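# Descriptive structure summary
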Amino acid sequence: METTKAEPDAIRQLVRKNYAKIASAFGSCCNAGAKPPCGCGAETAAHRIGYSDAQIESIHDAATMGLGCGNPQAIARLKPGETVLDLGSGAGFDCFLAARSVGEAGRVIGVDMTDGMIRKARRNATKAGIGNVSFRAGEIERLPVADSTVDVIMSNCVINLSPEKEAVFREAYRVLKPGGRLAVSDVVAVRPLPASMLADDQLHCACIGGAALVADIRQILEATGFEKIEITPVDSSRELIEQWVPGKNAQDYVVSAFIEAVKPTKNGAR
């Protein structure tokens, strides 16, 4: 096995292939290979990462894939009329929740690099009759979104998969309006990962091998220009992470965390 990271394009292809397989399956982490079997269905997985019964029951079943590591809705503080962007929108679950929060005067954009996920999300939107959400094919390092047009960026367990996290946060900064905010749930490293973990394709696709250190994420956000940065590790997520990859001791190195930041309202251009 290689002990160094693959090139960014090779990593993206690996992730794209893995999530294309998930999109063609029936929908949960337990039957599609996003993470090794954890003994739960998609709805149970959604409960365990922080979604309420009401949130889960309000969304079409096919959109509930249980692939996240937290609930970004809990920190997004969405308001009617806002424009929301979801990075790595999958089958649309978080987008549909956000669409209800921002109302008919708002809109939600989901971006995903897997064509199968985009098709699945669009079908789910049609079935649910949700008209203020749209889905765009694209990479989160090169967003198909205009400058300064978004109020809130959400993401759920996706940025860790990117081999170019600096580019992800630069793009987020670009598309946010001045005063716009990040509301991200992601896996972060609380200690450096061993070389064997960094080079393990399975662990990368399981949202572990690509996790960045908390200090590195903060440094990237500060260098990009964000303010009011808060990174809040969720120590109780260790049990869930252990079940993603049993026997790998991943929970000793990574946890779920909420990542919040704001684009300044003055001198915001960088």
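For the structure, check the block above.
For the structure given in this document, a descriptive report is provided here. Because the structure is predicted, anything quoted here is derived from the model rather than measured.

The rules behind each value
- Residue numbering note: each chain is counted from 1, following its sequence as written.
- For a predicted model such as this one, the threshold for reporting local features is a pLDDT of at least 70, and the threshold for listing and counting side-chain atom pairs is 80 or more; totals across whole chains, interfaces and linings nevertheless cover every residue.
- Side-chain numbers here rest on the full set of heavy atoms in the structure, without hydrogens or water.
- Between any two strands, at least two bridges found by DSSP are needed for them to pair.
- Think of it this way: any DSSP run of H or I at least four residues long counts as a helix, any run of E at least two long counts as a strand, and we number them from the N terminus.
- Between the N-to-C directions of two axes lies an angle of 0 to 180 degrees, each axis being a line fitted to C-alpha atoms and, for a helix, fitted only over the stretch in contact.
- Any pair of residues with heavy atoms lying within 4.5 Å of one another is described as a contacting pair.
- As used in this structure description, the phrase polar contact means that two N or O atoms lie within 3.5 Å; if the pair is within protein, one of them must be able to donate a hydrogen and the other to accept it, and residues adjacent in sequence are counted only when both atoms belong to side chains.
- Lining residues are defined by having an atom within 4 Å of a point belonging to a cavity or pocket. Those points lie on a 1 Å grid over the protein atoms alone, cavities being sets where a 1.4 Å probe fits but cannot get out and pockets being open sets with protein on both sides within 12 Å along at least five of seven lines.
- Grid points are joined across faces, edges and corners, and a volume is the space filled by probe spheres set on the points.
- Amino acids are sorted into nonpolar (Ala, Val, Leu, Ile, Met, Phe, Trp, Tyr, Cys and Pro), charged (Asp, Glu, Lys and Arg) and polar (every other residue, Gly among them).
- Burial status follows relative accessibility: with a 1.4 Å probe on protein chains alone, a residue under 20% of its type maximum counts as buried, one over 50% as exposed, and anything between as partly exposed.
- In this analysis, the expected span of each helix is defined as 1.5 Å times one less than the number of residues it contains.
- Clockwise travel from the first strand over the helix to the second, with the strands pointing away from the viewer, marks a crossover as right-handed.
- Salt bridges, as used here, are contacts in which a Lys or Arg side-chain nitrogen is within 4 Å of a carboxyl oxygen on Asp or Glu.

Across the sheet, seven strands lie side by side as β3-β2-β1-β4-β5-β7-β6; this open sheet has mixed pairing. Every interior strand has two partners, whereas the edge strands, β3 (133-137) and β6 (227-234), have only one. For this sheet the average axis-to-axis angle between neighbouring strands, irrespective of direction, equals 15°. Its contacts with the sheet put helix α8 (residues 165-175) on β1 (83-87), β4 (150-156) and β5 (176-189), and the angle it makes with β5 is roughly 155°.

A word on the side chain of asparagine 71. Tracing the backbone shows asparagine 71 in the loop between α4 (53-57) and α5 (73-76). Of note is the side chain of asparagine 71, whose polar atom sits 2.9 Å from the backbone nitrogen of glutamine 73.

Turning our attention to the layout of surface pockets. In this structure, the largest pocket occupies an estimated 340 Å³ of space. In terms of lining, the largest pocket is formed by 21 residues, of which the most central are Lys165, Leu198, Gly210, Ala211 and Ala212. Mapped onto the lining of the largest pocket, the elements with two or more residues apiece are α8 and α11 (214-224). For the lining of the largest pocket, a count of residues per class yields 10 nonpolar, five polar and six charged.

In this section: unusual backbone geometry. With a phi angle near 50°, arginine 77 is a residue other than glycine that sits in the positive phi range. Here arginine 77 lies in the loop between α5 and β1. Classification of arginine 77 as exposed rests on a relative accessible area of 53%. Phi is positive for cysteine 157, close to 60°, though the residue is something other than glycine. Looking at the secondary structure, you find cysteine 157 in the loop between β4 and α8.

With that settled, consider helix α7 (residues 115-128). For α7, with 14 residues, the first-to-last C-alpha span of 20 Å sits near the 20 Å given by 1.5 Å per residue. Buried within α7 are the following residues: Gly116, Met117, Ile118, Lys120, Ala121, Asn124 and Ala125. In this structure, the buried residues of α7 make contact with α1 (8-24), α6 (93-102), β2 (107-112) and β3. Following α7 by one or two positions, glycine 129 adopts a phi angle in the positive range, close to 65°.

Glancing now at the pairing of β4. Within β4, seven of the seven residues are buried, which leaves it mostly tucked inside the rest of the structure. Both β1 and β4 contribute to a ladder of four bridges, which runs parallel. Its bridge partner being in β4, valine 84 is matched across the sheet by valine 152. Of the strand pairs in this sheet, β4 and β5 are connected by six bridges, and their pairing is parallel. Residue pairing in the sheet places valine 152 in a bridge with arginine 181 of β5. You can see the chain leave β4, run along α8 and come back into β5, and the turn it takes is right-handed.

By the definition in use, this model includes 13 salt bridges. The salt bridge involving arginine 12 is made with glutamate 139; its shortest N-O contact spans 3.8 Å. Taken together, the residues span a long stretch of sequence, with arginine 12 in helix α1 and glutamate 139 in the loop between β3 and β4 at a distance of 127 residues. Shared partners join several salt bridges into a network, and the residues in it are Asp9, Arg12, Arg16, Glu139, Glu141, Arg142 and Glu164.

Just distances and angles here, no functional claims.
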